[in-house]
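# Summary of structural features
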Amino acid sequence: MKWDELSEQPCLISRSLAVIGDRWTLLILRELFFGVRRFDVIKENLGISRTVVAERLSVLVEEGVLRKEAYCERPLRHEYRLTRKGLDLYPILLTLFDWSRKHYPVEEGLPVIHVHRSCGKPTTPLLTCSECGEELTARNVEARPGPGHRPLTELRLRTH
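Residues numbered from 1 in each chain as written. Predicted model: local features only at pLDDT ≥ 70, side-chain atom pairs only at ≥ 80, totals over all residues. Heavy atoms only, no water.

To continue, consider helix H4 (residues 50-62). Each α-helix winds once per 3.6 residues, and so residues spaced three or four apart point in a common direction. With 13 residues, H4 extends 18 Å from end C-alpha to end C-alpha; this agrees with the ideal 18 Å at 1.5 Å per step. Residues of H4 that are buried make contact with helix H1 (12-20), helix H2 (23-33), helix H3 (39-46), strand E1 (66-72) and strand E2 (77-82). A positive phi of about 80 degrees marks Gly-64, the residue just after H4. (Helix = DSSP H or I, 4+ residues; strand = E, 2+ residues; numbered from the N terminus. Expected span 1.5 Å × (residues − 1). Contact = heavy atoms within 4.5 Å.)

Structural data, given as structure tokens:
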């Protein structure tokens, strides 16, 4: 399967990866969640080419993950803001950060600590069932075919 065909797959993970699935996009999103909004600062912080930043930002705007807002008229300059769709990606980045914290620790200690504003305490993500509140894990959740499932796809779901 080619990269540009991901968005047409019935798999929801494939469709998501078509938008956010490369390393630079995730790092650009990290910068935005840290409060960086301007093109040149994103480029400088990541140390990547203008072309790469422009391409990734363009896709995120086109997909509705970001919106552009002018902050200077002459010359025209924009900053990038997360939309509701973009803000909904925060749990993914927080969970990825936590996974890395567990499996690739930094010898000097955590570079960032996530603090819950309401209680003021450091926190880590916890996925819970929307119905009973129990923690969700790979061992206690199963994927079952849904109404949009295509039996002829390569998607294999455990059914037991």
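Right, let's talk about the pattern of salt bridges for a bit. The full count for this structure, using the stated rule, is 12 salt bridges. Residue Arg-56 is joined to Asp-22 by a salt bridge in which the shortest nitrogen-to-oxygen separation is 3.0 Å. Within this pair, whereas Arg-56 is found in helix H4, its partner Asp-22 is found in the loop between H1 and H2, the two being separated by 34 residues in sequence. Both residues of the pair, Arg-56 and Asp-22, count as buried. Glu-79 serves as the salt-bridge partner of Arg-38, at 3.6 Å between the closest nitrogen and oxygen. Taken together, the residues Arg-38 in the loop between H2 and H3 and Glu-79 in strand E2 connect sequence positions 41 residues apart. Taking relative accessible area as the criterion, Arg-38 reaches 37% and is therefore assigned partly exposed. (Salt bridge = Lys/Arg side-chain N within 4 Å of Asp/Glu carboxyl O. Buried < 20%, exposed > 50% of the residue type's maximum accessible area, 1.4 Å probe, protein only.)

A word on the nonpolar core. Membership of the largest hydrophobic core comes to 20 residues, with the highest contact counts inside it found for Leu-29, Leu-57, Leu-60 and Leu-66. Those elements giving two or more residues to this core turn out to be H1, H2, H3, H4 and E2. Per-element accounting of this core gives the leading share, four residues, to H4. Contact partners of Leu-29, with chain neighbours within four places excluded, come to Ile-20, Leu-60, Val-65, Leu-82, Leu-89 and Leu-93. (Core = buried A, V, L, I, M, F, W, Y, C linked by side-chain atoms within 4.5 Å.)

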